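Overview (structure and organization)
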6 protein chains.
Amino acid sequence: MQLSTATWQEVEAYLKHARGLIIPIGSHEQHGPNGHLGTDAICPEVIAAEAGLEDGILIAPTFNVGQAQHHMGFPGTITLRPSTMLAALQDWISSFTRHGFTRLYFLNGHGGNVATIQAAFSEAYAPWSLKGEAAPFACTLQNWWELRGVADLCKRLFPVGDGSHATASEVSVTYYKYPDFQKRVDMSPKIAPTGPIRDAADYRRRFPDGRIGSDPSQASVEAGAELVAAAKAALIADARRFFGEND
Amino acid sequence: MQLSTATWQEVEAYLKHARGLIIPIGSHEQHGPNGHLGTDAICPEVIAAEAGLEDGILIAPTFNVGQAQHHMGFPGTITLRPSTMLAALQDWISSFTRHGFTRLYFLNGHGGNVATIQAAFSEAYAPWSLKGEAAPFACTLQNWWELRGVADLCKRLFPVGDGSHATASEVSVTYYKYPDFQKRVDMSPKIAPTGPIRDAADYRRRFPDGRIGSDPSQASVEAGAELVAAAKAALIADARRFFGEND
Amino acid sequence: MQLSTATWQEVEAYLKHARGLIIPIGSHEQHGPNGHLGTDAICPEVIAAEAGLEDGILIAPTFNVGQAQHHMGFPGTITLRPSTMLAALQDWISSFTRHGFTRLYFLNGHGGNVATIQAAFSEAYAPWSLKGEAAPFACTLQNWWELRGVADLCKRLFPVGDGSHATASEVSVTYYKYPDFQKRVDMSPKIAPTGPIRDAADYRRRFPDGRIGSDPSQASVEAGAELVAAAKAALIADARRFFGEND
Amino acid sequence: MQLSTATWQEVEAYLKHARGLIIPIGSHEQHGPNGHLGTDAICPEVIAAEAGLEDGILIAPTFNVGQAQHHMGFPGTITLRPSTMLAALQDWISSFTRHGFTRLYFLNGHGGNVATIQAAFSEAYAPWSLKGEAAPFACTLQNWWELRGVADLCKRLFPVGDGSHATASEVSVTYYKYPDFQKRVDMSPKIAPTGPIRDAADYRRRFPDGRIGSDPSQASVEAGAELVAAAKAALIADARRFFGEND
Amino acid sequence: MQLSTATWQEVEAYLKHARGLIIPIGSHEQHGPNGHLGTDAICPEVIAAEAGLEDGILIAPTFNVGQAQHHMGFPGTITLRPSTMLAALQDWISSFTRHGFTRLYFLNGHGGNVATIQAAFSEAYAPWSLKGEAAPFACTLQNWWELRGVADLCKRLFPVGDGSHATASEVSVTYYKYPDFQKRVDMSPKIAPTGPIRDAADYRRRFPDGRIGSDPSQASVEAGAELVAAAKAALIADARRFFGEND
Amino acid sequence: MQLSTATWQEVEAYLKHARGLIIPIGSHEQHGPNGHLGTDAICPEVIAAEAGLEDGILIAPTFNVGQAQHHMGFPGTITLRPSTMLAALQDWISSFTRHGFTRLYFLNGHGGNVATIQAAFSEAYAPWSLKGEAAPFACTLQNWWELRGVADLCKRLFPVGDGSHATASEVSVTYYKYPDFQKRVDMSPKIAPTGPIRDAADYRRRFPDGRIGSDPSQASVEAGAELVAAAKAALIADARRFFGEND
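Heads up: these notes are all about the structure in this document. (Residues numbered from 1 in each chain as written. Chains lettered and ligands numbered in written order. Predicted model: local features only at pLDDT ≥ 70, side-chain atom pairs only at ≥ 80, totals over all residues. Heavy atoms only, no water.)

For the rest of this paragraph, the subject is the arrangement of the chains. Separating chain A from chain D is a minimum C-alpha gap of 17 Å, and the two share no contact. The two units chain B and chain F remain apart, with a minimum C-alpha distance of 17 Å. (Contact = heavy atoms within 4.5 Å.)

So, about the relation of the copies chain E and chain F. For these two chains of identical sequence, chain E goes onto chain F by a turn of 180° and a shift of 0.0 Å along the axis, with RMSD 0.0 Å. In symmetry terms, the pair is related by a two-fold rotation axis. Mapped onto chain F, 100% of the interface residues of chain E again fall at the interface, so both copies present the same surface. (Least-squares fit on C-alpha atoms with pLDDT ≥ 70 in both.)

Our next topic: the interface of chain E and chain F. Interface size is commonly expressed as the accessible area that is lost once the parts come together. Between chain E and chain F, the contact holds 51 residues from the first and 51 residues from the second. Taken over both partners, the interface formed by chain E and chain F buries close to 4000 Å², and the fraction arising from carbon and sulfur atoms is 61%. In this assembly, chain E and chain F are joined by 4 salt bridges. Notably, a salt bridge pairs Arg 81 of chain F with Asp 91 of chain E, separated by 2.7 Å at the nearest N-O pair. The tally of links between chain E and chain F comes to 28 residue pairs in polar contact (both at pLDDT 80 or more). Looking at the side of chain E that touches chain F, the elements with two or more residues in it are α1 (8-17) and α3 (82-99) of chain E. (Buried area = accessible area lost by both parts, 1.4 Å probe. Salt bridge = Lys/Arg side-chain N within 4 Å of Asp/Glu carboxyl O. Polar contact = N/O pair within 3.5 Å; in protein donor to acceptor, adjacent residues only side chain to side chain. Helix = DSSP H or I, 4+ residues; strand = E, 2+ residues; numbered from the N terminus.)

Residue and element names in this part refer to chain C. Strands sit in the order β1-β2-β3 across an open sheet of 3 strands; the sheet is parallel. Two strands bound the open sheet, and with one partner strand each, they are β1 (20-25) and β3 (138-143). Taken over all neighbouring pairs, the strand axes of this sheet differ in orientation by 20° on average, direction set aside. Helix α2 (residues 39-55) contacts β1 and β2 (103-108) of the sheet and is inclined by roughly 150° relative to β1. (Pairing = 2+ DSSP bridges. Axes fitted to C-alpha atoms, helices over the stretch in contact; angles between N-to-C directions.)

Looking at where Asp 91 of chain E falls in the secondary structure, it is placed in helix α3. The sequence separation of Asp 91 of chain E and Pro 24 of chain E amounts to 67 residues, and the corresponding C-alpha distance is 16 Å. Not counting residues up to four positions away in its chain, the partners in contact with Asp 91 of chain E are Thr 79, Leu 80, Arg 81 and Thr 84 of chain F. Of note is the side chain of Asp 91 of chain E, whose polar atom sits 2.7 Å from the side chain of Arg 81 of chain F.

Moving on: the environment of Arg 103 of chain B. Residues and elements named next belong to chain B. Within the secondary structure, Arg 103 is located in strand β2 (residues 103-108). With relative accessibility at 13%, the residue Arg 103 sits in the buried group. Residues Arg 103 and Ile 117, 14 residues apart in the sequence, show an inter-C-alpha distance of 15 Å. (Buried < 20%, exposed > 50% of the residue type's maximum accessible area, 1.4 Å probe, protein only.)

Residues and elements named next belong to chain A. Strand order in the open sheet made by the 3 strands is β1-β2-β3, with parallel pairing throughout. Because the sheet does not close on itself, it has two edges, and the strands there are β1 (20-25) and β3 (138-143). Averaged over all adjacent pairs, the angle separating strand axes in this sheet is 20°, with direction ignored. When β1 meets strand β2 (residues 103-108), the two strands line up parallel, connected through 6 bridges. Paired with Ile 23 across the strands is Phe 106, a residue of β2.

A word on the packing of aromatic side chains. Each aromatic ring pair is characterised by the separation of its centres together with the angle its planes make. Going through the model one piece at a time under the given rule, you end up with 78 aromatic pairs over all chains. Between Trp 92 of chain B and Phe 96 of chain B the ring centres are 6.3 Å apart and the planes differ by 75°, which places this aromatic pair in the edge-to-face class. Remark: Phe 96 of chain B and Trp 92 of chain B occur in helix α3 (residues 82-99); sequence separation between them is 4 residues, near one turn of the helix. An identical accessibility class is assigned to Trp 92 of chain B and Phe 96 of chain B; each is buried. Members of the aromatic cluster, each reached through a chain of ring pairs, are Tyr 14, Phe 63, Trp 92, Phe 96 and Phe 101 of chain A. (Phe/Tyr/Trp six-rings, centres within 6.5 Å; stacked < 30°, edge-to-face > 60°.)

This paragraph deals with the pattern of salt bridges. One pass over the structure, following the stated rule, counts 84 salt bridges over all chains. For Asp 202 of chain E, the salt bridge goes to Arg 205 of chain E, with nearest N and O atoms at 2.9 Å. Linking Asp 202 of chain E with Arg 205 of chain E, this pair stays in helix α7 (residues 200-206), spanning 3 residues, or about one helical turn. Its relative accessible area of 10% is what places Asp 202 of chain E among the buried residues. Note on Arg 205 of chain E: relative accessible area 49%, which makes it partly exposed. Connected via shared salt-bridge partners are Arg 103, Asp 238, Arg 241 and Glu 245 of chain A together with Arg 198, Asp 202, Arg 205 and Arg 206 of chain E.

Note on placement: Asn 64 of chain C falls in the loop between α2 and α3 (82-99). Polar contacts involving the side chain of Asn 64 of chain C include one to the main-chain carbonyl oxygen of Thr 62 of chain D, which spans 2.8 Å. Excluding its chain neighbours within four sequence positions, the residues that come into contact with Asn 64 of chain C are Gly 26, Ser 27, His 28 and Ala 41 of chain C together with Pro 61, Thr 62, Asn 64 and Trp 92 of chain D.

What follows deals with the state of the cysteines. All names here are of chain A. Per the stated rule, a full pass over the model turns up 0 disulfides over all chains. Here Cys 154 is not disulfide-linked; the sulfur of Cys 43 is the nearest cysteine sulfur, at 9.9 Å. With relative accessibility at 6%, the residue Cys 154 sits in the buried group. (Disulfide = S-S within 2.5 Å.)

What follows is the structure, given as C-alpha cells:
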C-alpha cells in the first residue's frame, strides 16, 4: 500500500496489525550522459512500490532529494547539506513514530546518502540514550543494490562496466519504469574512470561526463525488469525479517 | 520537461535559452475520509507535469513533505517543523541558483505551507540584502487553487461544500490522476465544521474526521479533469509572465 | 497594565484571574521620507498601551525588531533573518507559557512579519503535535490595521494614497505619539509605485524613497488620534473574545 | 538622536560624519518586590536617550529581552536561551555594519547578559578571523553601573544594601523615569541574601523574593536623577573615546 | 611534530614546505570490563604520535569525544550528537584550511564516528560546491585498524575473539601506552555476542558488559607494541601518499 | 582517577559514593614565541591530573579546543565558534548528568573561553528553568590562575611581565610538564603591549608576536612545579567544597 494514495483511516487500520514501514530514499543528481537526474529516487521508489503491491507493506513517499554536493558541477543536481538532511530525517522519523510505527526501513538509492542517513539514525536515538530510556523505534538502512542476490545479478547482467555511479544496473531500472525516456548515447571512454569523491569541482575534473567506472550504454528495459523482480523479492524478505524482530 | 527523467545535458541545453523552473511543493497529511494522504503533493505535481508537457517548462521534483503539524493527530501525516523546512528550501534554492536558474516558481498545494515558504524566500534573500548585493534570483509562490480562473471553476463545480481542507476540488484532482484509488465514503456531517487551526490535538477535537468546511464526497474524475485543464493553462500563462519579467 | 513597569507580584496577581497577554510586535525599518524607522514597532505599542490602560489587559514589552531584509537598502533598517526570529519567538512563547499564560495575542505592526510569525506558531505547536499531547496554549496574530473597523477608517481618512508601505495611516499613528517628530516632506511622485517585494537591492530600485503606493505627507496627529481610538476599542473587543474562548 | 523616531535619510546624513552607535541592551525579569520587570531594559535606555539628546549620538532601539533563565521562577520574566541571543545579536550587528556603522557600543543593563554578549562579539568576529580578513567593525560592551564614577556614586547614595540584583540604584533609575510607578514595599529581610546563580528553581529557593544582597526600598526619584546624570556624562565621554579610536 | 607542543612559528615554518596534517579522532566510551573509556582516542593518538616522531608529519590535538550515543548506558561514556559533531568538525576544518593546510588526514579510532565524519566532509565541501568554486582542501578518513597490514596482524595476534567492539587489538594498544592501567578481568561469556547497534538501552540489553564479539582478556602490551609499529609504518606511507597527491 | 584510563565499572563504583567531576577545558592557540599552542589545554590538564592522583577525584578528558577566533592570525590556532562550543558543551554536560554526576567543575585554562562557558551553563539550565523543574546538576567555572593563592604566587614568581596572554606562569606550567619542549627565545620588546581583543587581524596588528603584556622568557620548569603544586592543592580544596555543597 502506498501511503500517498491511502486515507488516514487506511493507515490507522494498517497500524492495528503492523508496525513496519518502508521509506524509499534517494537523490536528484546527474547520472551521466544517458541516466536520469532522478535515478536514485526512482530506483528505490519502483522497487518499494512493487513490494508494497505484492506484499501489502506500507510504502512512505520518497525522500527524493539527498546529499549530492559532489554532483553540483552538473546542471540539474539538487543537494541538501548533511546538516539539513539530518534535521529533515528527524522530522520524518518523529512523524512516523508518533503514529506508532516502530520499525522504519529506509530503502536507499544513493551511496552519497549513506553516511548522513546513518548519522541521522544516531541523532534520532541520541535523545533517548541521553535520558536513559529505550527508544520506541528502530531504524535500518538498506541500499537496494545490496539486497540479497542483487549484486550477483548485476554482475551477471553487466560483467564489465556496471561501475559505481551511473551504473548500467540503476539506469536499467529507470528504463524499466520509464521506457519512453531511454537515451542512446555513445560513451567515451567506454568505461568511465574511478577515483575518490570530494567537492564538485574536483568531481567534474575527474569524471567529466559524470559516470564513475561504468558503461551505462548497456542499460536495457529487460535488465531493469530482472533487477526489479529480484530486488522486490529480497526486499520483502528482508523487511519482513526486520519488522518481525523480537529483540 | 521533467527534471527527474532528464539528463544533466538536457538541463544544460534548457538553460541555454531559459532561466525559469517550476517546483511543485506539497505535503503528506490526512485529507479526510476519502482523500489521499498525498493530495497536496499530487495536485501541484499533476498540474505542473501537464504544463511541462504542453509548454516545455522544466518541472523540478516535488518538495513532497511540508508543514503539517496540525494534522499529526491523524495516522499517516508527515510534517517538517518550519525551521527544518526553511533550511531544506534554502538548499533547494541554492542548488537551482548555482546552475543558473534565476526565476523559481513554487506551485503550492497546501495552505499550511504558505507562511513557511514565504519566510523561506526572505531567508534566501537575506544574505544578499545584508551584504548589499542584488540577489541573482527571484522566487514566487502560487497556490494552484488561486491560479486565474480556478477558484471560479471550483465554485461552479461545487457551489456548496468545496470547503477549505480536504476540498471537493483537490480530491477531484487526485481522482483524476489515480482513478483506481477513489474512495466512496458517506460524510457525516455532510459538510464539515470550520474554525481556527492550532496544534494537532485541538485540530482533531474540532475536526474529528479531518475535513474543514467541505463535502468531498462530491469529488469526481471529471471535475478533476476540468480543474487540471484550467489550472494548467493558467499556470503556463502565469509562469511565462514571471519568467519573462524584466524588472 | 504594562509588564515592563509591573513587579513580578503584580503579574502573579494578574495570573490569578486572567490567562491572556497582548504582545506588540513590530520592526525597525525605513518608512519613507517622513516616516520613523520605528513606525511598525510604535503603532502596535501605542495601541496596545492604550488598550492596557483602559481595560487592564497585561501588555508585554514590544518585540521591536522583525523580518525586514527587503528594507536593508535604506540606512537604519534592522532585520532578523526569519530563522532567528523563529527561534526568538519560541523563547518568548516558552517564557510566557511557563508562567501560565495560555492565550498569546500578537498585535503586529509589520506586513513583512506575518509569514514568520505564523511559521513561529506552527514551530511552537509542533513539539506538542509530535508527542501527541494538547498544547497548553494558543497563539493568534492580528495586524493592527486589520482590526475591525480600522481599514474602513483608513479609507475614510485617506481615500487616496494610504498605500501599503509607509502608509499615511501608520505615519499618523506615530505622529500622534511623537508630535515633536513630525517631518514635512514633499513626496515625489505624489503617490509611490507598487510592485512585488524581493531582496533589498530590487526593493530600492523599484521604490527609490522607500514608500509603496502611499502619500504619507497626508499624515496628521489628528488622524493618528482617531486611528488609535478606533484600534484600541477593536483590540479590546478582539482580545477579550480570544481570551474568553472556551473551545 | 533616536533611531526609532528618525527617518532613513536622517540616519544617512548621520553616517556622513559619524560611524558610531549606542545600543541599549537589557532584560525583562523580576526585580524584587518593588522593582519593575523592565528595569534592566529601562536603565540603559534612559541613560542612552539622555546622552543622545545632549550629544547627538545615534541611539538604537533597545534589545529589550536577554538572558534571564535564572529568573524564570518569577512570573513575568522573559528569557532568550543564550544560543538564540547569540543568533539575534548577529543579525543586529550585521544590519548595522551593512549600513556602514563601524563602532557598536552596547550599553548593558543586566549582569546575566554579559557572557552571552561577549560570546556574541566573538561569534561576529569569527567569520572574518577564519577567512583572514579584518573585520570592518568593532564592538564594545559597557555595563551602565560600571561607567566611570557611577559605582562610587552608588556607594555614596546607598552605602548599605545597594546589592547586586534589584539594586537600590537601578530601581532608582526606573523611578526617575516612571515616577508614577514607584512601589513602596517593606523588605524582609531588610537586606537580601547572596549566593551563586544557577537554574531558576535553585534561584527561587535561595532568593525567595528575587533580590540579591539589596535593600531597594531605599530607591528614590532623586537618586535616580543623580545616577542618570552621572552615567550620561560618563557614557558620552566613553562612547566618544571608543568612536574616535584610531587603532 | 605535535601541534600541541609546537609554537606558532614552528607551524609557520612547517607550512613553508608541507600542507598535510594528521588529526587523531576518537571517542570516550565504555570498552568492556578491561578496556579504558578513552581507548578510541588513545589508539589513534598513540599511532599518530609515533608517526609524527619518526617522520616529522604534524599531528593535531586529538578530537577526543565523538558519536557514542549507543554506549550511554555505561557510566563514563561521553557523546556528541551527530549534529554537534558536524558543527565542531566544520570549525576544526575551517581553522586548518585558514592557515593553509590543504590535506587533512583524519586517523579514526571509533567505528561509530565514521558516518558522522564522512557527513562532515560533505558538509565542508558543500559551500564550495554550491558556489561553484573548487574547495581549497581535501579530507580523508582512515580507521587505524584498516591501515594496510593491520587487519592481518590483528587476525594473526588474535585469531579468535578479536571482535568488533572492545577488541583485543585496541585494548592492547592502550596497554602498550599505559601499562600501569592494565586490568585483568575474566570475561563471561568468553566471547561476547554480536548484533545490530541502535539506542543505548537496546545496546545494553544485547551486550551486557559492553563488548561486541570480542575476548579482550587476550590483550597484552606486547601485542600493542606490534600493532602500533605496524600501524605507524602504514600510516606514514598512506599519509605521504595522500599529501603528495597531485590530482 | 582519570576517566580516560578507567573502565566503566570503575566509574560506576566511583558514582556509588561521589557525584562530582572535574573537566579540564582549554584551547589550542598561539602562545607567543616560546609558548606551546596547547598551553591552555595543558595547564588545566596537568593540574587536574595531579589533583586526581592525590585526591581520587575523577578527572574527565580535556575539552581541548575552545573559543580562540582572535588568535586565528597565527598558524596552528584552532577555534570553535561560540555557537558550536555552546552546543558541544551541552552534549558533554548531558552525558555526565545522564550518568548521575551532579556537580560539574570546569577547570579552565583560557580567558577567551570564559564568556562562552558561562553562556553554556545558562543554556544547560534553561530547559529546566523553562519547564519549571529544578535542574538535577550544578556547574561551576574556575580559571586555574584564579585558584586561591595562585595569583599571589604568579606575582611573586614574576613580579614584572607575567602579563595576560602567553604569561610567564602558564608557559612555566607547560615546561614543567614537557621539559624537552622548552624554547629559548629573546623577546622583543621585552614586555609585550596590551590592548583590547577583537578579531584576528586586529589582534595580530596590535600584538605582532602574539603575547599580551608578558615576558615569557622568564618561564622555567621550577616555577611551573611550584605553580602546579599550589594550584593542585587549591583545586582539591575548592572542588571538595563545591562537591560538598548542600544548598
